[in-house]
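Letter by letter, the chains look like this.
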Amino acid sequence: IVLMAQGDSASILASFEALPAEDKNVLCEEMAVTGCKNQQYRCDASASGREGPSLLIYYAPALMQKVGAVDAGGALEVLAEVYRQARDLW
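Here goes a summary of the coordinates provided. Just so it is clear, the model here is predicted, and its values are computed rather than measured.

1. A word on helix 5 (residues 72-89)
Quick reminder: α-helices carry 3.6 residues per turn. Residues three or four places apart thus point the same way.
Point 1. Helix length check: helix 5, at 18 residues, gives a terminal C-alpha distance of 26 Å against a target of 26 Å (1.5 Å per residue), a fit within 8%.
Point 2. Packed against the buried residues of helix 5 are helix 1 (2-5), helix 2 (9-18), helix 3 (21-31) and helix 4 (60-66).

Right, dumping it as structure tokens:
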């Protein structure tokens with residue numbers, strides 16, 4: 001998320017930590033999906049049993065750079081909701 005934002009890392013991280021647990025979990029789980037069948041990161045126990053593709057939110061970096069510079073928490077909440085809705089569609 002910090003790499004996508006390409007801005008004030010401390011603000012992005014502080015906003016991430018201030019998110020509700022549900023939003024943090026969605027962002028962590030969705031961004032940890034590798035896209036390779038039966039592959040998961042060694043430290044990621046939460047993705048086990050997940051079905052469906054990895055999701056690439058193409059304009060997430062633009063969202064984090066433009067909106068995140070003004071309202072990092074709001075941008076993160078929107079991104080979490082986009083992931084939730086995309087996963088529900090799947």
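There is more to say, and it comes next.
2. With respect to the nonpolar core
Point 1. Counting 17 residues, the largest nonpolar core has Leu-27, Met-64, Leu-76, Leu-79 and Tyr-83 as the members making the most contacts within it.
Point 2. Only helix 1, helix 2, helix 3, helix 4 and helix 5 provide two or more residues apiece to this core.
Point 3. It is helix 5 that provides the largest number of residues to this core, a total of 6 residues.
Point 4. Once you skip the residues sitting within four places of it in the chain, Tyr-83 turns out to touch Val-26, Leu-27, Glu-30, Met-31, Leu-55 and Ile-57.

3. Focus: the environment of Asp-23
Point 1. Its place among the elements puts Asp-23 in helix 3.
Point 2. Aside from chain neighbours lying at most four places away, what touches Asp-23 is Glu-77, Ala-80 and Arg-84.
Point 3. One polar contact links Asp-23 to Arg-84, side chain to side chain, over a distance of 2.7 Å.

4. Things to note about unusual backbone geometry
Point 1. The phi angle at Gln-6 is positive, at roughly 45°, despite the residue not being glycine.
Point 2. Its location among the elements puts Gln-6 in the loop between helix 1 and helix 2.

5. Focus: the side chain of Arg-84
Point 1. Tracing the backbone through its elements, the reader meets Arg-84 in helix 5.
Point 2. In this structure Arg-84 touches Glu-22, Asp-23 and Val-26, once residues within four positions along its chain are discounted.

6. Observations regarding the pattern of salt bridges
If the charged atoms of two oppositely charged side chains come close together, the side chains can form a pair.
Point 1. Evaluated as defined, the whole model comprises 5 salt bridges.
Point 2. As a salt-bridge pair, Glu-17 and Lys-24 come within 3.7 Å of each other at their nearest N and O atoms.
Point 3. Using a relative accessible area of 54% as the deciding quantity, one classes Glu-17 as exposed.
Point 4. The salt bridge partner of Asp-23 is Arg-84, with a shortest N-O separation of 2.7 Å. Taken together, the residues Asp-23 in helix 3 and Arg-84 in helix 5 connect sequence positions 61 residues apart. Across this residue pair, the class does not change: Asp-23 and Arg-84 are buried.
Point 5. What emerges from the salt-bridge pattern is a single network uniting Glu-22, Asp-23, Glu-81 and Arg-84.

Definitions and limits used
Residues numbered from 1 in each chain as written. Predicted model: local features only at pLDDT ≥ 70, side-chain atom pairs only at ≥ 80, totals over all residues. Heavy atoms only, no water. Helix = DSSP H or I, 4+ residues; strand = E, 2+ residues; numbered from the N terminus. Expected span 1.5 Å × (residues − 1). Contact = heavy atoms within 4.5 Å. Core = buried A, V, L, I, M, F, W, Y, C linked by side-chain atoms within 4.5 Å. Buried < 20%, exposed > 50% of the residue type's maximum accessible area, 1.4 Å probe, protein only. Polar contact = N/O pair within 3.5 Å; in protein donor to acceptor, adjacent residues only side chain to side chain. Salt bridge = Lys/Arg side-chain N within 4 Å of Asp/Glu carboxyl O.

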